[in-house]
2 protein chains.
Amino acid sequence: MPTATYNNSMEKGLQLLTLFTGDHPSQRLAEISREAGMPKATALRFLNALTRQGFLRKDSAGAYRLGYRLIELGHRASDQLDLRTIALPYMGALRDALDEAVQIAVIDGTEAVYLEKVDCRQPVRLFTKAGRRAPLHAGACPRLLLAFAPDPLISLVLSERTERRQFTETTPTDPNQLRALSEQTRRTGYSLSFGELEAGSAALAVPLRDYSGNVVATLSVAGPAERFGPDRVPEILAQARHTAAQISREFGFVPIIRS
Amino acid sequence: MPTATYNNSMEKGLQLLTLFTGDHPSQRLAEISREAGMPKATALRFLNALTRQGFLRKDSAGAYRLGYRLIELGHRASDQLDLRTIALPYMGALRDALDEAVQIAVIDGTEAVYLEKVDCRQPVRLFTKAGRRAPLHAGACPRLLLAFAPDPLISLVLSERTERRQFTETTPTDPNQLRALSEQTRRTGYSLSFGELEAGSAALAVPLRDYSGNVVATLSVAGPAERFGPDRVPEILAQARHTAAQISREFGFVPIIRS
DNA sequence: AACAGTGTTTCATTAATTGAAACGCCCGGA
DNA sequence: TCCGGGCGTTTCAATTAATGAAACACTGTT
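Here's a quick rundown of the structure. (Residues numbered from 1 in each chain as written. Chains lettered and ligands numbered in written order. Predicted model: local features only at pLDDT ≥ 70, side-chain atom pairs only at ≥ 80, totals over all residues. Heavy atoms only, no water.)

**Side note on the interface of chain B and chain A**
Of the residues lining the interface, 56 residues belong to chain B; the matching set on chain A comes to 56 residues. Approximately 5000 Å² of surface area, both sides summed, lies buried where chain B meets chain A, with 60% of it carried by carbon and sulfur atoms. On the chain B side of the interface with chain A, the three residues burying the most area are M10(B), Y68(B) and Q80(B), jointly 13% of the side's total. Where chain B meets chain A, there are 6 salt bridges. Where chain B meets chain A, there are 20 residue pairs in polar contact (both at pLDDT 80 or more). Of all elements in the fold, only α1 (8-15), α3 (40-52), α4 (68-80), α5 (83-98), β3 (101-108) and β4 (111-118) of chain B reach the threshold of two or more residues within the side of chain B that touches chain A. Here the side of chain B that touches chain A takes 13 residues from α4(B), the largest share from any one element. Class assignment for the residues of the side of chain B that touches chain A results in 25 nonpolar, 17 polar and 14 charged. (Contact = heavy atoms within 4.5 Å. Buried area = accessible area lost by both parts, 1.4 Å probe. Salt bridge = Lys/Arg side-chain N within 4 Å of Asp/Glu carboxyl O. Polar contact = N/O pair within 3.5 Å; in protein donor to acceptor, adjacent residues only side chain to side chain. Helix = DSSP H or I, 4+ residues; strand = E, 2+ residues; numbered from the N terminus. Nonpolar A, V, L, I, M, F, W, Y, C, P; charged D, E, K, R; others polar.)

**Some thoughts on the sheet that holds strand β7 (residues 201-209) of chain B**
Residue and element names in this part refer to chain B. Read from one edge of the open sheet, 6 strands run β5-β4-β3-β8-β7-β6, paired in antiparallel fashion. Whereas interior strands pair on both sides, the edge strands pair on one side only; in this sheet they are β5 (133-135) and β6 (191-194). The average undirected angle you get between the axes of adjacent strands in this sheet is 30°. (Pairing = 2+ DSSP bridges. Axes fitted to C-alpha atoms, helices over the stretch in contact; angles between N-to-C directions.)

**Brief notes about the relation of the copies chain B and chain A**
Each copy of the sequence occupies a distinct position, and chain B is placed on chain A by a rotation of 180° and an axial shift of 0.0 Å, giving an RMSD of 0.1 Å. The superposition of one copy onto the other is thereby described by a two-fold rotation axis. (Least-squares fit on C-alpha atoms with pLDDT ≥ 70 in both.)

**A look at the packing of α5(B) against helix α9 (residues 233-250) of chain B**
Residue and element names in this part refer to chain B. At a minimum axis distance of 10 Å, the contact between α5 and α9 shows a crossing angle of 165°. For the element pair α5 / α9, the angle class is roughly antiparallel. Regarding α5 and α9, the two cross each other, and that crossing is right-handed. On α9, the residues that touch I86, A87, Y90, L94, A97 and L98 of α5 are E235, I236, Q239, A240, T243, Q246, I247 and E250. (Parallel < 35°, antiparallel > 145°, perpendicular 65-115°, else oblique. Left-handed = near helix turned anticlockwise from the far one by under 90°.)

**Side note on the packing of helix α4 (residues 68-80) of chain A against α4(B)**
Contact geometry for α4(A) and α4(B): axes closest at 7 Å, N-to-C directions at 135°. Regarding the angle of α4(A) to α4(B), the classification is oblique. Considering the relative orientation of α4(A) and α4(B), their crossing is left-handed. Counting all contacts with α4(A), which are made through L70(A), I71(A), L73(A), G74(A), A77(A) and S78(A), the residues of α4(B) involved are L70(B), I71(B), L73(B), G74(B), A77(B) and S78(B). Taken together, the residues of the contact of α4(A) with α4(B) sort by class into 8 nonpolar, 4 polar and no charged.

**Examining the nonpolar core**
Core analysis: the largest hydrophobic core is formed by 100 residues, its most contacted members being L17(A), F55(A), L115(A), L219(A), L17(B), F55(B) and L219(B). Top contributing element to this core by residue count: α5(B), with 7 residues. (Core = buried A, V, L, I, M, F, W, Y, C linked by side-chain atoms within 4.5 Å. Buried < 20%, exposed > 50% of the residue type's maximum accessible area, 1.4 Å probe, protein only.)

**Digging into helix α3 (residues 40-52) of chain A**
Each full turn of the α-helix corresponds to 3.6 residues, which orients residues three or four apart in the same direction. Given a rise of 1.5 Å per residue, 13 residues ought to cover 18 Å, and the 18 Å separating the end C-alpha atoms of α3(A) matches this to within 8%. Residues of α3(A) that are buried sit in contact with α1 (8-15), α2 (29-36), β1 (56-58) and β2 (64-66) of chain A together with α1 of chain B. Just past α3(A), the residue G54(A) takes up positive phi, approximately 85°. (Expected span 1.5 Å × (residues − 1).)

**With respect to the state of the cysteines**
Applying the stated criterion to the full structure yields 0 disulfides over all chains. Note on C120(A): no disulfide assigned, nearest cysteine sulfur contributed by C141(A) at a separation of 15 Å. (Disulfide = S-S within 2.5 Å.)

Structure (structure tokens):
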């Protein structure tokens, strides 16, 4: 059962970090042990080690919380993607131009992960968090990433054996429908979604490319669906395309001039 | 040697993450093995496991880079500190008011870690990164945190047996000098530093408090030293204090009214 | 006082980790 | 073209360190 090409003990310890969610930011040993299905002594050892390395910290009530080392490493990972130096200022400008949330997401494994979000200033807004994940079949960002993904990944996501969760009434789950949507996205260069992940929300996503010309990320404008009517979508698309071109250029993308 | 109350294998694996710095964002197995002083087979197992859990990712050249899971967890840790929801908007306003870098830092173990930074817009600016660390004896932020730290930590930092690195000519390292500076900081409610960590830089730091009334973090304004002359420092201090009061209030701090 | 729940420590067992060595592949230099 | 060096990967015997049950001390509630 154990395979010699990984370190299963470390992986079990790392998985404890996933227990700390927005709903459960602070947890004590017994709760962690129960939720992880792990004996208290084993869990305590992992927690002690994670705490010593700064990945967790213990608060004054004796409960564990995510530690500052994660913020440090998160910033470092972000810096290495040039998110703060290149993408964030343009995202801020796009937010200012449209007053909608602006997000950037990438593929990680078989999911999309939203790496950054710049919030709009309107009281009614899309309430999601940077760092969240979504499957590749639902939502403007995930679907845009899927459309430009390598064929083996597309096949896997659209396979009859892969379960595609239906979040809302408008979540596309049928493989043929998703293939058609992907083809449309590749042809038009953007994707648009209404309530596929959260009812009442909408998002428009465009690709971000790097020096290789490949789509490496997606930039999206997202907000309440009633602000994404047919009179406004063209403007959102134009602004998003403009910003994506700026970011892509700084990522080293050189557009091919069509003659 | 091995102690049963930690998980030393996991800790060794986690320490590989520290090899990925701004200077070395991308590394291959042999280099990692050499730098960590670890046999290739062992390092490969850790790398495979860290990659499977999303903490590292492998690029097209077969080199490892920090993974998206770190960004996700970094955001989650940051959210749990209310950095993005509470502190960042105020930091942005303070940056706009003064056009200097604004940072927030906390104590982690025996160091200060800068959790967030909002950059100024001037061409000549303080070039540091969010996520960086500094010892508690040098710099306005670390020294402010030290001044309000628990006595055992102060004693440890100022101990004759603790080495206090001299970064520049103005770095204070003498325990008596640091005690005097701490006392002054507690009395005046702020700390001011010129070139203690980086020559030519300056920073002014004020405390952030939470519902318990304790100093839990520090807010600083930082930039090139020539912009922190005696004619300007009072304004910087007033603005920083105002912003710190706003943030502290949202952290639940209730100021005691003096009669 | 009794009980439930917590976090911590101990220790025998054994599972998993470890590192040396072999292997296949690639690249650059002679 | 050949060879050597370096790379990443796999195998396997040795042994180390992880594991989990159980005991313990402490706290809070009834």
